[in-house]
Amino acid sequence: AFGVIADIQFADAEDGHDFHGCRRRYYRHSLRLLGEAVRAWADESPPIDFVLQLGDSIDGQNVRRGEAESALQQVLAVLGELSVPVHHAWGNHELYNFSRARLVNTGLYSRPAGGSAGPPDSECHAYHFSPAPRLRLVVLDTYDMSTLGTDPGSPRYQESLRVLREKNTNDDLNNPAGLKEPHFVAFNGGFSQAQLDWLNEVLKFSDENQEKVIVTGHVPIHPYASNGVCLAWNYEAALSVIHSHRCVVCVLAGHLHDGAYCLDSHGVHHLTLEGVIETPPESNAFGTIYVYEDKMVLKGRGRIPDRVMHF
């Protein structure tokens, strides 16, 4: 069993709104809701094995306020009350606040030391681990290819900008208006070929060892588990790797604050979690997932509905 939560986006700021000005965001309350989630997970019996934080733990406005470090420390302090490990995906808001090089040296870098669990690029925050026999979790870096948090002079930035400008002709690269492929915006990202090759090898191992695999990352990789905009740039390439193996049973993501779900044509469940940041203070948005031989059961709290996903 493990806890799941997405898009906390904490800032010590008054309530605001989304980029369209129509959805309320509860910046300060999000930390209190996280605390409620932590206390609920701590009371689970039998105890959970770990927590999965699906990205955007703090809001991008912290960097403008000069509060990125303090906001992150407050979030990590609440999560630190847990007696189990927390695995972090990186989202766009982490990369608004910190460079990749800096994130590697924060508590959000949950990739194991030693290098064997992830791709050769140590700044790629992808890795895998096995929390139970014949079960493996893969954490993907959905901003491995991105203009965010990257030195503009670096090859990673230059190639990401080329891909983005090829698909997005708008002056504002965060604007999807009029695009044939509206997910090519700067607040999304994609996967390098090196990460996809690494994922293919991990899934090959799991196939050979008859493991069930849960894939996680901040940005959804299936259009039906998205709104068509909040979607990884080269999601088709990631799906192609996943569908070429038998082992993957579920993909967990955040990023889309409304949440979404689909069962794809290959029998893989795609679950996008509702975000804490747009959750009213009297509600919440977190859950606990129980993994069995033949199914996963999500017990949701607040905005997140219960769900049973059969393998």
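Each chain carries its own residue numbering, running from 1 in the written order of its sequence. Local features are withheld for residues below a pLDDT of 70 in this predicted model, meaning they are given only at 70 or higher, and side-chain atom pairs are given and counted only at 80 or more; totals for whole chains, interfaces and linings count all residues. Derived side-chain values reflect all non-hydrogen atoms in the structure, with water molecules and hydrogen atoms excluded from consideration.

Naming follows an unreviewed UniProt entry, where the protein appears as Manganese-dependent ADP-ribose/CDP-alcohol diphosphatase of Erpornis zantholeuca. Word for word, the UniProt comment on the protein under Subunit (unreviewed entry) is "Monomer." UniProt positions are given in the numbering used here, feature names are shortened, and annotations may be inferred rather than shown by experiment. Looking at the Cofactor (unreviewed entry) heading of the UniProt record, one finds this comment for the protein: "Mg(2+)".

Turning next to unusual backbone geometry. Of the consecutive residues Ser 45 and Pro 46, the connecting peptide bond is found in the cis state with omega at 0 degrees. Despite not being glycine, Asp 7 shows a phi value in the positive range, around 55 degrees. By secondary structure assignment, the location of Asp 7 is in the loop between β1 (2-5) and β2 (16-17). Look at His 255: it is not a glycine, yet its phi comes out positive at around 80 degrees. By definition, any uninterrupted DSSP run of H or I lasting at least four residues is a helix, any uninterrupted run of E lasting at least two residues is a strand, and each is numbered from the N terminus. Residue position: His 255 is located in the loop between β9 (248-253) and β10 (260-263).

Okay, the packing of aromatic side chains next. Here the aromatic set is Phe, Tyr and Trp, taking the six-membered ring for Trp, and pairing holds for ring centres within 6.5 Å; pairs whose planes are under 30 degrees apart are stacked, those over 60 apart are edge-to-face, and all others are tilted. Scanning the entire structure with this criterion turns up 6 aromatic pairs. Measuring from centroid to centroid gives 5.5 Å for Trp 41 and Phe 286, while their planes differ by 85 degrees, and the two rings are edge-to-face. Separated by 245 residues along the polypeptide, Trp 41 in helix α1 (residues 29-42) and Phe 286 in strand β12 (residues 285-291) bring together distant segments of the chain. Over the face of the ring belonging to Tyr 292 we find Lys 295, whose NZ or CZ atom lies 4.7 Å from the ring centre. Counted as over-ring charges are cases with an Arg CZ or a Lys NZ within 6 Å of the ring centre that also lie within 35 degrees of the ring normal. Between the NZ or CZ atom of Arg 307 and the centre of the ring of Tyr 261, over which it lies, the distance is 4.1 Å.

So, about the sheet that holds strand β6 (residues 127-132). Pairing between strands is defined by DSSP: at least two bridges between the two strands are required. Spatially, the 6 strands line up as an open sheet ordered β6-β7-β8-β9-β11-β10, and their pairing is mixed. The strands lining the two open edges of the sheet, one partner per strand, are β6 and β10. Taken pair by pair, the neighbouring strands of this sheet meet at an average axis angle of 15 degrees, ignoring direction. Across 4 bridges, strand β8 (residues 212-216) lies against β9 in parallel orientation. The residue of β9 that forms the bridge with Val 213 is Val 248. Here helix α7 (residues 193-208) sits on the sheet and contacts β6, β7 (135-139), β8 and β9; the angle it forms with β7, its principal contact strand, is near 175 degrees. Comment: axis = line fitted to C-alpha atoms, over the contacting stretch for helices; angle = value between 0 and 180 degrees taken between N-to-C directions. Contact criterion: two residues are considered in contact whenever any of their non-hydrogen atoms come within 4.5 Å of each other.

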